[in-house]
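# Summary of structural features
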Amino acid sequence: MIERRPFDQLGHADHGWLNARHHFSFANWYDPSRMGWGALRVWNDDEIAPKSGFPPHPHADMEIITYVRTGAITHQDSLGNTGRTGAGDVQVMSAGSGIRHAEYNLEDETTTLFQLWIQPRTRGGAPSWGAKPFPKRDRSGSFQALASGFSDDPDALPIRAEARVLGATLKAGDTTTYHLAKGRHGYLVSAVGEVEVNGVTLKDRDGAAIRDEGEIIVTALSDAELVLVDSE
């Protein structure tokens, strides 16, 4: 089963400094049929204006993954962590028992990113933050784990969830395959480019909710940059 979620039908909120699309119910946008997909609870497609951002605010009991598409985001938190994450790179915050953080676009250009929230396997625990570069050449032609709760993904940023976040870049005409285990949920978004997923066409920033498909076969109809969440 693959359900296409067209970009122009996603939830939408324009705050001036923040132009956000919501794949799942979030803040003031509510759709009872879109409360999450497996352990994936939030997938926001954010455009953040220059010299603006999210002021300090709290989180608990959530794994929050940020995939920067263009520009950069600068992180600050109550643990004393600070860091700048640029385009194509990833940061992970395990909120654990509680953390306050801020995310600012200190650049002179608009920053675009995907913000993902994944439910952890257990509540509580010490909060943490980390970031890592993931050169696009290293995920050319196949999916690479960017963040993972599994020990067999040693190069990925760790998360405390039965899930992994993967990225791939494909040239037009290329095909890659990902095995989705029985009972698992896949959610795929093409950050850039048009692709075909098991016969279903996705345009830029469309989502695809995937279940009961043993193999996810993705063919790029144009040069594409993909993000996939595989969760319980």
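For the structure given in this document, a descriptive report is provided here.

The rules behind these values
Residues numbered from 1 in each chain as written. Predicted model: local features only at pLDDT ≥ 70, side-chain atom pairs only at ≥ 80, totals over all residues. Heavy atoms only, no water. Salt bridge = Lys/Arg side-chain N within 4 Å of Asp/Glu carboxyl O. Helix = DSSP H or I, 4+ residues; strand = E, 2+ residues; numbered from the N terminus. Buried < 20%, exposed > 50% of the residue type's maximum accessible area, 1.4 Å probe, protein only. Pairing = 2+ DSSP bridges.

This next bit is on the pattern of salt bridges. Applying the stated criterion across every chain, the model contains 15 salt bridges. A salt bridge links R205 to E47; its shortest N-O distance comes to 3.0 Å. Of this pair, R205 sits in the loop between β19 (200-202) and β20 (207-211) while E47 sits in strand β4 (residues 40-48), placing them 158 residues apart in sequence. Its relative accessible area of 16% is what places R205 among the buried residues. With a closest N to O distance of 2.8 Å, D230 and R184 form a salt bridge. Residue D230 is found in strand β22 (residues 224-231), and its partner R184 is found in the loop between β16 (175-179) and β17 (185-192); the two are separated by 46 residues along the sequence. Under the relative-accessibility criterion, R184 is labelled buried at 13%. Each of the salt bridges in this network shares a partner with another, and the network as a whole consists of D45, E47, R69 and R205.

The seven strands lie next to each other as β1-β20-β17-β22-β15-β13-β14, forming an open sheet whose pairing is mixed. Only two strands of the sheet have a single partner each, and these edge strands are β1 (2-5) and β14 (157-158). With eight bridges connecting them, strand β15 (residues 163-170) and β22 associate as antiparallel partners. Pairing of L166 across the sheet is with L228, part of β22.

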